[in-house]
Amino acid sequence: TFTRAIADALSALPSSTPMKEVKVNFIKVAHEQLGHFCASNDISLAQFDQLFDVQPPLEFLKQAATRLQHLQETVRTYADIKKESAIKLASTPVKRECLHEARSCTPVFNCNGVYQMDDDLLEANEFLREVRGVPWMLRKMISFIESRFSIVQHGYSRIDMQGNRKLLSNGSNVYITDGRRRKFTLQSPVPWSRPLAATYKAWFSFSPPALHIIHYYSAQERLERIIAYRGYRLHFQLSFQVRNDASEEWMPLHDFEGFANLVSRLEGFNADVFNGFPSDMELPDTATLPRDL
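Residues numbered from 1 in each chain as written. Predicted model: local features only at pLDDT ≥ 70, side-chain atom pairs only at ≥ 80, totals over all residues. Heavy atoms only, no water.

Asker: Summarise the environment of F149; cite the residues concerned and give the values.
Answerer: Relative to the helices and strands, F149 resides in strand β2 (residues 148–154). Distance from F149 to G171, taken between C-alpha atoms, is 8.7 Å for residues 22 residues apart in sequence. The residues touching F149, leaving out its near neighbours within four places in the chain, are G113, V114, Y115, M117, M161, Q162, G163, L234, F236 and A260. (Helix = DSSP H or I, 4+ residues; strand = E, 2+ residues; numbered from the N terminus. Contact = heavy atoms within 4.5 Å.)

Structure follows, in structure tokens:
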């Protein structure tokens with residue numbers, strides 16, 4: 001198959017092969033496989049290219065969004081899931097003493113574990129990438145990478161996420177959870193003219209406990225994820241937003257919800273027990289909740 005031929009070709013290269021040479025080999029094998037595909041289906045390369053020129057009509061996209069929303073409603077089992085697409089954050093700094101006062105009543109957000117995305121979450125991600133113009137083949141590869149993933153949480157300073165490996169992508173990414181804009185480092189499984197995301201920012205909120213991740217695709221488009229732990233699974237709220245040129249505010253365009261179910265615990269992880277707030281060494285001098293940029 002196409003991906004197997006590419007994987008075999010790339011795996012045969014020495015580990016010290018420069019990335020430029022890896023990309024050249026990828027393009028060469030991909031071109032050969034594409035030629036075999038066209039020949040077996042009696043079509044030219046030009047006819048093959050035309051298959052990707054057709055954009056789905058807006059009405060089709062609206063119907064798909066509506067269908068996803070109906071699917072979400074059928075799987076909701078918790079009455080306390082809020083309908084808002086985002087949790088609005090105060091723009092003023094949270095003082096250290098406020099965090100200390102919360103120790104006795106606020107559970108620690110502990111998301112360590114291995115998770116499997118449900119169909120709602122996978123379909124929502126697929127739809128949002130289609131809206132952004134991500135090619136079909138690349139969408140399928142990214143869905144495979146993210147369908148099953150592990151999370152290793154380092155206090156409240158960093159999140160390590162490891163998905164499935166695919167071709168040029170090792171499926172690994174690190175989120176520094178200090179609320180600052182940082183470069184997004186997850187590699188694309190195949191060469192593409194754009195990065196999977198330009199930058200991101202991530203942080204924790206404690207009331208209610210949640211992990212916030214925003215991926216910025218351009219100056220006008222971003223995707224906000226709010227992730228909360230709910231009974232042996234992660235609840236995702238997704239909000240694809242565009243920036244209003246006049247007001248410079250981010251406006252939600254598509255909102256979805258879905259779950260990633262806990263497959264296995266990491267060593268020492270107990271979903272029912274929280275051991276108090278992190279130590280002072282893990283907290284910054286002032287935990288400032290970030291403004292939207």
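That was the structure; now back to the text.
Asker: Describe the pairing of strand β3 (residues 158–162), listing the residues and the values that go with them.
Answerer: Inspection of the sheet shows β2 paired to β3 by five bridges, in the antiparallel sense. Counterpart to I151 in the pairing with β3 is M161. Where β2 folds back onto β3 in an antiparallel hairpin, the turn is made up of three residues, including G155, whose phi is positive at roughly 55°. Both β3 and strand β4 (residues 172–176) contribute to a ladder of five bridges, which runs antiparallel. (Pairing = 2+ DSSP bridges.)

Asker: Could you give an account of the pattern of salt bridges, naming the residues involved and the relevant values?
Answerer: By the definition in use, this model includes six salt bridges. The partner of K140 in a salt bridge is E126, with the nearest N and O atoms 3.4 Å apart. Placement of the pair is K140 in helix α7 (residues 136–147) and E126 in helix α6 (residues 119–131), with a sequence separation of 14 residues. By relative accessible area, which is 40% here, K140 ends up partly exposed. (Salt bridge = Lys/Arg side-chain N within 4 Å of Asp/Glu carboxyl O. Buried < 20%, exposed > 50% of the residue type's maximum accessible area, 1.4 Å probe, protein only.)

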